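Observations on the three-dimensional arrangement
Listed below are the residues making up each chain.
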Amino acid sequence: MSIVGAKVIRKEDPNLLTGRGQFVDDIQPIGTTHMAFVRSTEAHALIRNIDVTAALECEGVVGVWTAADLNLPALPGVPGLERPALATGKVRFVGEAIAVVVAESKYAAADGTELVIVDYETLEAVTSIDEATADNAPLLYEELGSNTVAEVTTADDHQAIFDGAPHTETIKLVNNRCTAAPIETNACLADYGPAGLTVWASFQAPHHLRNRISAWLGIPQDQCRVITPDVGGGFGQKINFTPEFFVAPVLSKILNRPVKYSQTRSEAMTSMYHGRAQEQEVDIAFDDNGKILALRVFASQDMGGYADGTGMGMPVLTTAMSAGCYVIPNVSIAWRNVLTNTTPIAAYRGAGRPEATYLIERAMDHISYKLDMDPTEVRRQNYIPKDSFPYQTHSELAVYDSGNFEGALDELLNIMDYEGLKEEQNANRTNPEKPLLGIGFSSWLEIAGFGPPGSLEGFGHLGSWESVQIRIQPDGSAIIYTGASPHGQGTVTTFAQIASEYLGIDFDKISVRHGDTATIPQGIGTMGSRQVAVGGEGVKNASLKIVENAKSIAAHKLEANPEDIEVTDGNLFVKGTPSKSLSWAEVATFSFQRLELPEDMDPGSLDTTILQEVPNFSFPSGAYACVIEIDKQTGDARIRDMYLVDDCGTVINPLLAEGQVHGGVAQGIAQALFEEFTYDENGQPTTATFIDYLMPGAPDLPSYKSGRINTPNPNNSLGAKGIGESGSVGTPPAVINAVVDAVRHLGVTHIDMPATPQKIWEVLQGGSK
Amino acid sequence: MIPAKFDYKPAQSKEEALSLLAEYGDDAKLLAGGHSLLPLMKLRLATPEVVVDIGSVDDLSYITDKGDVIAIGALTKHRQVEQSDILKEHVPLLAHSASHVGDPQVRNRGTIGGSLCHGDPASDLPAAILATRATLVISGPSGDRTVTSDDFFTDFWETEVKEDELLTEILIPKCTGEKWGFQKFNRRAQDWAIVGCAVQGGDNPGIGMVNMGSTPVRAAEAENALRSGSSSEEVAELADSGLTPPTDIHGNESYRRHLAKILVQRALDN
Ligand SMILES: Cc1cc2nc3c(=O)[nH]c(=O)nc-3n(C[C@H](O)[C@H](O)[C@H](O)COP(=O)(O)OP(=O)(O)OC[C@H]3O[C@@H](n4cnc5c(N)ncnc54)[C@H](O)[C@@H]3O)c2cc1C
């Protein structure tokens, strides 16, 4: 039986579950000092003075530094809009780093920060896109003359089509600001000694960080080593540059001691990059059959206080993917990026695609409201047929690789009792004892497998390939070194499965190493659901190459033709003559021994390194349905069932694929019903703790019912598409469509995320929309 | 998330705790289960110089049947309150309320005395204490005094317990066989209530409300209606009467007023 596709349990787990994992904060070299930041308590202010005298006298404090003391360059970022490592003259959001304290303990460091006195001249804050784009709005950068830092207008707004269309609809949507809140907050430990700099960092892309730190500090890359040990979740929040990763090395050099930074949750809530925070105006034109004739999207992206490179790309991805699973003959897109006095925005699981899916899937339901048509029927009217791939969308970025959108919907309806639910919904509406029932659909599609040349360079990465090196050990075991930098995904397991399948080496004799720039070939990192579709393809190709050479060695020793050698169960043997056989261990040993090798082969030549490229993105898709119950008296919405049909092409490990979907769906439900990061009118965060920021836990989430279809990815030989972000992309519209469906009989057509009980109650009262 | 510096003084007995309080005055803070105090210290919203740990004063942890009343030691854990057979029989409202506090970890550390002394209008147990018209025993340098639950909660996070005093015991009249009801409306399993209520039936019924004012409060007008035999609809309609619920990101004032009515009705009807 093939090990690719098998439910293999994770290689990672025994270590983590027995407390033997090692995270940055667990690492404690002798002489380690502790770093803490003085963070802005103002959203928008000039810094008049910073008084560090009392802090310097605080017991245990080793030193205190401001921007003026260190004279640091700005952090790597968007040209012309780079954020300072420490605030210089002005602060632009609550939580921005102003000064840094290093002390003998983390307690003393925290005490020290309390004693630094910052004298602010408060400026008026802009906390929303509307405020930031108003006439005479206070400006974050006076010199730019505007808070809008990028803008793309539409080439053709297709007004004639809208004018002539039987039906049109305008929808305004808010994709609420969220924070991923990984269980491990940002952490780093910098040790800058005579032999060079080592930085342990909780990060998703170690080489990316190494390259930037070394350039920023002006030290050669060979003397700059970044290690990402166990990383407790990232979700996109750990591919961006925040001051700690750059300031800690500088201070380690000054102090000639290791400097550790382990962020508190309170800091993480305001200083780790947030996600989403996009507002959309959507116009659709459609005919009497529900066929969509034109789509117009204007996306306004809140950038927060500083423009991050990935943050700038969010509306690009949203507008590229706005047409979803549908044939839309006329699409016009426009977007802008706007600075506000809030925490900066960057990628968060899904990054731009949840926003796209939300808008098109809400639009589909609006068509069904207007025409009084079943939402599944509206979707069927518009799907891209399964024989039309590759499919060029309105966007140059998005050439859909393959898909079977209607097939996913068919399978979804197969695993749920839609007709029965509709009957129950009707009956419940008039029965005061029963909750309102809502059924919501989402046919979603996303762009993943970031890998085609150019796709990540635009976000500041060195390349878009992923590195894989396989080294065969003399005993026939194998170690895979990869530039992918997993932090919870289970890649150690999936890569070992792929290698085992194609090397013919036992799964238990394959290790996967990652996260150390000193030992791993130059790599890119883990983001954009790319590990299996790009790195995994590299594992397969490297394995195939190794097997080819191993066969030559075996053929040489067994006096046969390489073409006649087969590999099974850890042995290489001559086809038809199983007695003429060598074990993988024997071949591996020979591979290091000149006298045992064919003439044209050098010792050690089984080892293979590949920088795997792929020609296109991958486009995972699926169909989800949410069944929700709403308490008629309180407005409380509880999900009864989530039905999930995913199509990620070839599944390497169903357990892990399902785990990725469950986690993503949880985050999607969180965005739709629970989470929103908010500010008051002065830019003070109002949800900066887990009491107010309602991240749900397992008891608050439903069990999931899954189905699956398989449309292989034609652009890699594994056929795999990627599944890391699917759940968070597909879920929010399914949930909101369900919430609205539950109250449709009252004439309601929209409720903003998160659909809190109060909002729903107000709607039930006839209080809004 | 990193507390300021403090001295740690474990107390082995009530007397030792009182003498430490006398010694350190308002620099000191009692630590029971720590599930309200430690979060505040970690956020540096509380910065006591001395923490007097009464967590291991075992003789203040008990649930005893004293005839007409049940006596509960202040250091009894939520979990013990929840599981007590005595309470399940004679004050089932309190046992049930305790089962709704936080999650199992919280219930295994947090104490009834700590919950009451914290004086948080969002907490569950104060509502049950008000509804059952409990009496609280406070020990101080000059001996013990008793306070009714009505007089106990004085302001936001403030109670009758003075800096040199200790809550030692809660006395609850038996309500064996009486009707009772408890409702808690929250979003996530381990959250505080957006609004909650504890309703105790009997001759002198009580309705304690959660998160409907700046202190734990009784719905006095609804209680009067209940006493005079009004229907549950009529009682519920008065649930917010005379109360001033807060507006925050979890719910505005009018939503809280609405919830109060729905929850009181449910507590009465279920
Ligand atoms: C995650 C989480 C969820 C929670 N959820 C809920 C919930 O849903 N509902 C709810 O009601 N509560 C909830 N709580 C609070 C919990 O019930 C606390 O345990 C309780 O409020 C405090 O009890 P404690 O023993 O931990 O007190 P501590 O935190 O030790 O003390 C609290 C305060 O009371 C004082 N104090 C303690 N004991 C005495 C005494 N005997 N005499 C005088 N002063 C004293 C202390 O000095 C301090 O000021 C939650 C807490 C957490 C951490």
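Treat the numbers as computed from the prediction; the structure is a model and nothing was measured. (Residues numbered from 1 in each chain as written. Chains lettered and ligands numbered in written order. Predicted model: local features only at pLDDT ≥ 70, side-chain atom pairs only at ≥ 80, totals over all residues. Heavy atoms only, no water.)

All names here are of chain B. Taken together, three strands build an open sheet; the order of strands is β1-β3-β2 and the sheet is parallel. Edge positions in the open sheet fall to β1 (7-10) and β2 (28-31), since each of these has one partner strand only. Geometrically, the sheet is characterised by an average inter-axis angle of 25 degrees between neighbouring strands, direction not taken into account. Inspection of the sheet shows β2 paired to strand β3 (residues 50-53) by four bridges, in the parallel sense. Note that in β3 the partner of Lys29 across the bridge is Val51. (Pairing = 2+ DSSP bridges. Helix = DSSP H or I, 4+ residues; strand = E, 2+ residues; numbered from the N terminus. Axes fitted to C-alpha atoms, helices over the stretch in contact; angles between N-to-C directions.)

Right, let's get into the sheet that holds strand β6 (residues 135-140) of chain B. Residue and element names in this part refer to chain B. Across the sheet, which stays open at both edges, the five strands sit in the order β4-β5-β10-β6-β7 with antiparallel pairing between neighbours. The outermost strands of the open sheet, each flanked by one partner alone, are β4 (63-65) and β7 (143-148). Pairs of neighbouring strands in the sheet enclose a mean axial angle of 25 degrees, with direction left out of account. Here helix α1 (residues 14-24) sits on the sheet and contacts β6, β7 and β10 (166-173); the angle it forms with β10, its principal contact strand, is near 130 degrees. (Contact = heavy atoms within 4.5 Å.)

Attention now goes to the site of the ligand. Residues and elements named next belong to chain B. In the neighbourhood of the ligand, 31 residues make up the surrounding shell, with Leu30, Gly34, His35, Leu37 and Thr111 lying closest. Ser36 has a polar backbone atom sitting 2.8 Å from an oxygen atom of the ligand. Here Trp192 contributes a side-chain N or O atom positioned 3.4 Å from a nitrogen atom of the ligand. Contact with the protein chains removes 92% of the 970 Å² of surface that the ligand exposes when unbound. Put simply, the parts of the chain that give the shell around the ligand at least two residues each are β2, α7 (112-118) and β10. For the shell around the ligand, the leading source of residues is α7, giving four residues. Here the residues of the shell around the ligand sort into 13 nonpolar, 14 polar and four charged. (Near = heavy atom within 4 Å. Polar contact = N/O pair within 3.5 Å; in protein donor to acceptor, adjacent residues only side chain to side chain. Areas by Shrake-Rupley, 256 points an atom, 1.4 Å probe, with all protein chains shown as cover. Nonpolar A, V, L, I, M, F, W, Y, C, P; charged D, E, K, R; others polar.)

Another point: the packing of helix α15 (residues 491-503) of chain A against helix α16 (residues 531-558) of chain A. All names here are of chain A. Viewed as axis vectors pointing N to C, α15 and α16 meet at an angle of 30 degrees, and their least axial separation amounts to 8 Å. Here α15 is positioned roughly parallel relative to α16, judged by the angle of their axes. Classified by chirality, the crossing of α16 by α15 is right-handed. Contacts from Thr491, Thr494, Phe495, Ile498, Ala499, Tyr502 and Leu503 in α15 reach Gln531, Val532, Gly535, Gly536, Val539, Lys540, Ser543, Leu544, Ile546 and Val547 in α16. Looking at side-chain class alone, the contact of α15 with α16 contains 10 nonpolar, six polar and one charged residues. (Parallel < 35°, antiparallel > 145°, perpendicular 65-115°, else oblique. Left-handed = near helix turned anticlockwise from the far one by under 90°.)

On to the confidence of the model for chain B. Across chain B, the average pLDDT comes to 97, with 100% of residues at or above 70. Among the scores for the predicted complex, ipTM is 0.96 and pTM is 0.97. (pLDDT = per-residue confidence, 0-100.)

What follows is about the pairing of strand β14 (residues 292-304) of chain A. Residues and elements named next belong to chain A. Most of β14 is tucked away, with 11 of its 13 residues classed as buried. As judged from the 10 bridges shared by β14 and strand β15 (residues 330-339), these two strands associate in the parallel manner. Bridging from a neighbouring strand, Ser300 pairs with Arg336 of β15. The handedness of the β14 to β15 crossover, carried by helix α10 (residues 309-320), is right-handed. (Buried < 20%, exposed > 50% of the residue type's maximum accessible area, 1.4 Å probe, protein only. Right-handed = clockwise from strand over helix to strand, strands pointing away.)

Bringing the interface of chain A and chain B into the picture now. Every contact between the two is made by 33 residues of chain A and, on the other side, 24 residues of chain B. The contact between chain A and chain B buries some 2400 Å² in all, and 55% of this surface belongs to carbon and sulfur atoms. The interface formed by chain A and chain B contains four salt bridges. Among the ionic pairs, Glu114 of chain A bridges to Arg44 of chain B, the shortest N-O distance being 3.4 Å. In terms of residue count, helix α4 (residues 106-115) of chain A provides more of the side of chain A that touches chain B than any other element does, five residues in total. Its residues assigned to classes, the side of chain A that touches chain B comprises 14 nonpolar, eight polar and 11 charged. (Buried area = accessible area lost by both parts, 1.4 Å probe. Salt bridge = Lys/Arg side-chain N within 4 Å of Asp/Glu carboxyl O.)

Residues and elements named next belong to chain A. Among the nonpolar cores identified, the biggest contains 134 residues, and Met35, Ile628, Ile669, Leu673 and Val735 are the most heavily contacted of them. Sorting elements by how many residues they give to this core places helix α11 (residues 353-371) first, with nine residues. Setting aside anything within four residues of it in sequence, one finds Met35 in contact with Val100, Val101, Val102, Ala109, Glu244, Val247, Ala248, Leu251, Val259, Lys260 and Tyr261. Among the nonpolar cores identified, the runner-up in size contains 45 residues, and Val532, Leu572, Met601 and Ile652 belong to it. (Core = buried A, V, L, I, M, F, W, Y, C linked by side-chain atoms within 4.5 Å.)

Residues and elements named next belong to chain A. As assigned here, chain A comprises domain 1 (13-123 + 183-233 + 238-271), domain 2 (278-450 + 616-764) and domain 3 (465-612). Centre-to-centre separation of domain 2 and domain 3, based on C-alpha positions: 40 Å. For the pair domain 2 and domain 3, the summed buried surface comes to about 1300 Å²; carbon and sulfur atoms form 56% of the total. In terms of surface lost to domain 3, no three residues of domain 2 exceed Phe450, Ile652 and Leu718, which account for 39% of the buried area on that side. Here domain 2 is connected to domain 3 by 12 residue pairs in polar contact (both at pLDDT 80 or more). (Domains from an automatic or database assignment.)

This part covers the domain arrangement of chain B. Residues and elements named next belong to chain B. The domains assigned to chain B are domain 1 (7-53), domain 2 (58-173) and domain 3 (181-269). Each of domain 1 and domain 2 was reduced to a C-alpha centroid, and the two centroids are 19 Å apart. Buried area between domain 1 and domain 2, both sides added, is near 1200 Å², and the carbon and sulfur share of it is 72%. Ranking the residues of domain 1 by area buried against domain 2 places Lys14, Leu18 and His35 at the top, with a combined share of 40%. Note that Asp144 is salt-bridged to Lys14, the shortest N-O span being 3.9 Å. Put simply, domain 1 and domain 2 have zero residue pairs in polar contact (both at pLDDT 80 or more) between them. No other element matches α1, which puts four residues into the side of domain 1 that touches domain 2.

Taken together, the side chains of Met1, Leu43 and Leu45 of chain B define a hydrophobic patch exposed on the protein surface, amounting to about 290 Å² of accessible area. You can see Met1 of chain B is positioned in the segment before β1. (Patch = residues over 30% accessible without salt bridge, like charges linked within 9 Å, V, L, I, M, F, W, Y side chains within 5 Å.)

Two residues of an α-helix separated by three or four positions point the same way, owing to the 3.6 residues in each turn. All of the buried residues along helix α13 (residues 405-415) of chain A are Phe405, Gly407, Ala408, Leu409 and Leu412 of chain A. At its buried positions, α13 of chain A is contacted by α12 (375-382), β18 (436-445), β26 (621-630) and β27 (637-647) of chain A.

All names here are of chain B. Mapped onto the secondary structure, Ile194 falls in the loop between β11 (180-185) and β12 (195-200). Classification of Ile194 as buried rests on a relative accessible area of 5%. The spacing of Ile194 and Met212 is 18 residues in sequence and 8.9 Å in space, taken between C-alpha atoms. With sequence-adjacent residues up to four places away left out, Ile194 is seen in contact with Phe185, Asn186, Arg187, Val210, Asn211, His250, Arg256 and Leu259.

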